[in-house]
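# Survey of secondary and tertiary structure
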Amino acid sequence: MTSPQHLLADEVCVAYDRQVVLDGVTLSVGRGETVGLRGPSGCGKSTLVRVLALLHRPDDGRVSIDGTPVTGVRYAVPVGLRTRVAVLFQSPRAAADPRLSLTDLIAEPLRAVRAPEPGVRERVAELADLVGLTPDLLTRRPHAVSDGQLQRACLARALVHRPDYLLCDEATAMLDASTQAHVAAVISDYQRAQNAGVLVISHDEVLMGRWADRIVDLAGVVTAPAR
């Protein structure tokens, strides 16, 4: 039997203290598919992203990648499994270490798994070109670049391991229109090249309608296909 090709949160429950944030939520993102996720602020969208990104352990339910259950989070998950999922957050400044140059920011996930340095430099240069970062920008630290430039570096970092699934949590909300379009185009091109699954959280209904193959309300109501 062929294994399912999707990232799956199955009956996931999460509570902070006594506040239930997610209660039996099921969501799947197939390979090559773009799924839009919407819902009011505070309904648990970002928490669900963290669960799917293997950054937060659910209180109940499970996460699986292409049929393989994932029982741990973060570094407790084997490298070959955890690097198959990447996340791009809304605020690049909150996600980026201010002490690192953009080169080191992009390279850090590869160095964390002890990738050979020549290959690291080659991959950083490849991704910098892909996201539109010039060599002079790569030597700068986050405080010396714009939000759009920093988000491009964070996107390059997210793609560094060639993930099968990319989770975008309001990833374009803080960007100007031209940078927003560029980031979306890079992600779409990557998706086609790698047959990657993409989850998009956005309050921009126009963007969601153009980008997503289907849209899911966190309450579990699925709309008709977006296109």
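Everything quoted here is computed from the prediction, not taken from an experiment. For every chain, the first residue of the written sequence is number 1, and numbering continues from 1 onward in sequence order. With the structure being a predicted model, the display of local features is reserved for residues of pLDDT at least 70 and the display and counting of side-chain atom pairs for 80 or more, all residues being used for whole-chain, interface and lining totals. Remark: hydrogens and water are excluded; side-chain values derive from all non-hydrogen atoms of the structure.

### Let's talk about the sheet that holds strand β1 (residues 6-16)
- Pairs of strands are assigned from DSSP output, requiring at least two bridges between the strands. Numbered from the N terminus, helices here are DSSP runs of H or I no shorter than four residues, and strands are runs of E no shorter than two. A sheet is described by the order of its strands in space; here four strands give the open sequence β2-β1-β4-β5, paired in antiparallel fashion. Only two strands of the sheet have a single neighbouring strand rather than two, namely β2 (19-30) and β5 (68-70). Neighbour-to-neighbour, the strand axes of this sheet turn through a mean angle of 25°, independent of strand direction. Note on definitions: angles span 0 to 180 degrees between N-to-C directions of axes, and those axes are lines fitted to C-alpha atoms, for helices only across the stretch in contact.

### Digging into the nonpolar core
- If you look at the biggest cluster of nonpolar residues, it comprises 39 residues, and the most contacted ones within it are Leu102, Ile106, Leu133, Leu155, Leu166 and Ile187.
- Of all the elements, helix α7 (residues 147-159) adds the most residues to this core, at seven residues.
- Among all residues touching Leu155, those that are not within four sequence positions of it are Leu88, Val131, Leu166, Val183, Val186 and Ile187.
- Membership of the second largest hydrophobic core comes to 31 residues, among which are Val25, Val51, Val63 and Leu167. Among buried residues, those of type Ala, Val, Leu, Ile, Met, Phe, Trp, Tyr and Cys that are joined through side-chain atoms within 4.5 Å constitute a nonpolar core. Burial classes follow relative accessibility: with a 1.4 Å probe on protein chains only, a residue under 20% of its type's maximum area counts as buried, one over 50% as exposed, and anything between as partly exposed. Whether two residues touch is decided by their heavy atoms; if any such pair falls within 4.5 Å, the residues are in contact.

### Re the side chain of Thr179
- Along the chain, Thr179 turns up in helix α8 (residues 177-194).
- Beyond its immediate chain neighbours, meaning those up to four positions away, Thr179 contacts Gly148 and Arg152.

### What to know about the pattern of salt bridges
- A carboxyl oxygen of Asp or Glu within 4 Å of a side-chain nitrogen of Lys or Arg is what we treat as a salt bridge. Under the counting rule described, the total for this entry stands at 17 salt bridges.
- Where Asp164 meets Arg31, a salt bridge forms, and the shortest distance between an N and an O atom there is 3.4 Å. Placement of Asp164 in the loop between α7 and β7 (165-169) and of Arg31 in the loop between β2 and β3 (34-38) is noted, with a sequence separation of 133 residues between them.
- Salt-bridge contacts for Glu33 lead to Arg214; the nearest nitrogen and oxygen are separated by 2.5 Å.

### A closer look at the environment of Leu133
- By secondary structure assignment, the location of Leu133 is in the loop between α5 (117-131) and α6 (135-138).
- For Leu133, a relative accessible area of 6% gives the class buried.
- Taking the C-alpha atoms as reference, Leu133 lies 9.2 Å from Leu102; in sequence the two are 31 residues apart.
- Beyond its immediate chain neighbours, meaning those up to four positions away, Leu133 contacts Leu102, Ile106, Ala128, Leu138, Gln149, Arg152 and Ala153.

### Structural notes on the environment of Arg84
- Its place among the elements puts Arg84 in the loop between α2 (79-82) and β6 (85-88).
- C-alpha separation for the pair Arg84 and Leu166, spaced 82 residues apart in sequence, amounts to 8.6 Å.
- For Arg84, the residues in contact, after removing those within four places along its chain, are Arg31, Ile65, Asp66, Pro163, Asp164 and Tyr165.
- N or O atoms closer than or at 3.5 Å make up a polar contact, with two conditions inside protein: a donor-capable atom paired with an acceptor-capable one, and, for residues adjacent in sequence, both atoms drawn from side chains. A polar contact is formed between the side chain of Arg84 and the side chain of Asp164, at a distance of 2.6 Å.

### Regarding the side chain of Asp164
- According to the relative accessible area criterion, Asp164 is buried, its value standing at 15%.
- Of note is the side chain of Asp164, whose polar atom sits 3.4 Å from the side chain of Arg31.
- Non-local contacts of Asp164, meaning those with residues more than four positions away in its chain, are made with Arg31, Arg84, Ala196 and Gly197.

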